[in-house]
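# A structural walkthrough
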Amino acid sequence: MSAFDGNRDGFVDGREINDAREFGAGDVNRDGALNRAEFSRVDNPREFNQYDTNRDGLVDTPEFARGEAVEHQYGL
């Protein structure tokens, strides 16, 4: 199952595909995580700490996918 399957239905829908593309576009150095500068390229920089749930200074794929799923759930 893809980390971007936010609703865990076994399918990656259009919105989830866009989330994956957004993450890929932000991950400039292709290390599989977004630092603050990379995150700011694709999302509101004020939300970085909400996405960085393990507080390591990076937003990895599962953290980004969970953050986006929450935003979609609440229509943000």
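Refer to the preceding data block for the structure.
Residues numbered from 1 in each chain as written. Predicted model: local features only at pLDDT ≥ 70, side-chain atom pairs only at ≥ 80, totals over all residues. Heavy atoms only, no water.

Our focus in this paragraph is the side chain of E38. Within the secondary structure layout, E38 lies in helix 2 (residues 36–42). It turns out E38 is buried and unbridged, and the closest side chain with the opposite charge, R41, is 6.9 Å from it. Of the polar contacts made by the side chain of E38, one reaches the backbone nitrogen of N29; its length is 3.1 Å. Once residues within four sequence positions are removed from consideration, E38 is found in contact with G26, D27, V28, N29, D31 and A33. (Helix = DSSP H or I, 4+ residues; strand = E, 2+ residues; numbered from the N terminus. Buried < 20%, exposed > 50% of the residue type's maximum accessible area, 1.4 Å probe, protein only. Lys, Arg positive; Asp, Glu negative; His and termini not counted. Salt bridge = Lys/Arg side-chain N within 4 Å of Asp/Glu carboxyl O. Polar contact = N/O pair within 3.5 Å; in protein donor to acceptor, adjacent residues only side chain to side chain. Contact = heavy atoms within 4.5 Å.)

Even without being glycine, R30 reaches a positive phi, approximately 55°. Examined against the element boundaries, R30 turns out to sit in the loop between helix 1 (14–26) and strand 1 (33–34). Its relative accessible area of 58% is what places R30 among the exposed residues. With phi around 55°, R55 is a residue other than glycine that occupies positive phi space. Mapping R55 onto the fold places it in the loop between helix 3 (48–51) and strand 2 (59–60).

Tracing the backbone through its elements, the reader meets D27 in the loop between helix 1 and strand 1. Buried charge without a salt bridge: D27, with R30 as the nearest opposite-charge side chain at an N-O distance of 4.9 Å. The contact partners of D27, leaving out residues within four places of it in the chain, are G32, A33, L34 and E38.

What follows concerns the nonpolar core. The nonpolar side chains of soluble globular proteins are, as a tendency, buried together. Counting ten residues, the largest nonpolar core consists of F4, F23, L34, F39, V42, F48, Y51, V59, F64 and A65. Broken down by secondary-structure element, the contributors of at least two residues to this core are helix 2, helix 3 and helix 4 (61–73). When near neighbours in sequence (up to four residues on either side) are disregarded, F23 contacts F4, G32, A33, L34, V59, D60, T61 and F64. (Core = buried A, V, L, I, M, F, W, Y, C linked by side-chain atoms within 4.5 Å.)

The terminal C-alpha atoms of helix 4 lie 18 Å apart, and with 13 residues this matches the ideal 18 Å at 1.5 Å per residue to within 8%. Those residues of helix 4 that fall on the buried side of the exposure criterion are E63, F64, A65, G67, E68 and E71. Along its buried surface, helix 4 packs onto helix 1, strand 1, helix 2, helix 3 and strand 2. Two or three places before E63, at the start of helix 4, stands the capping residue D60, its side-chain oxygen 2.9 Å from that residue's backbone nitrogen. A positive phi of about 70° marks G75, the residue just after helix 4. (Expected span 1.5 Å × (residues − 1).)

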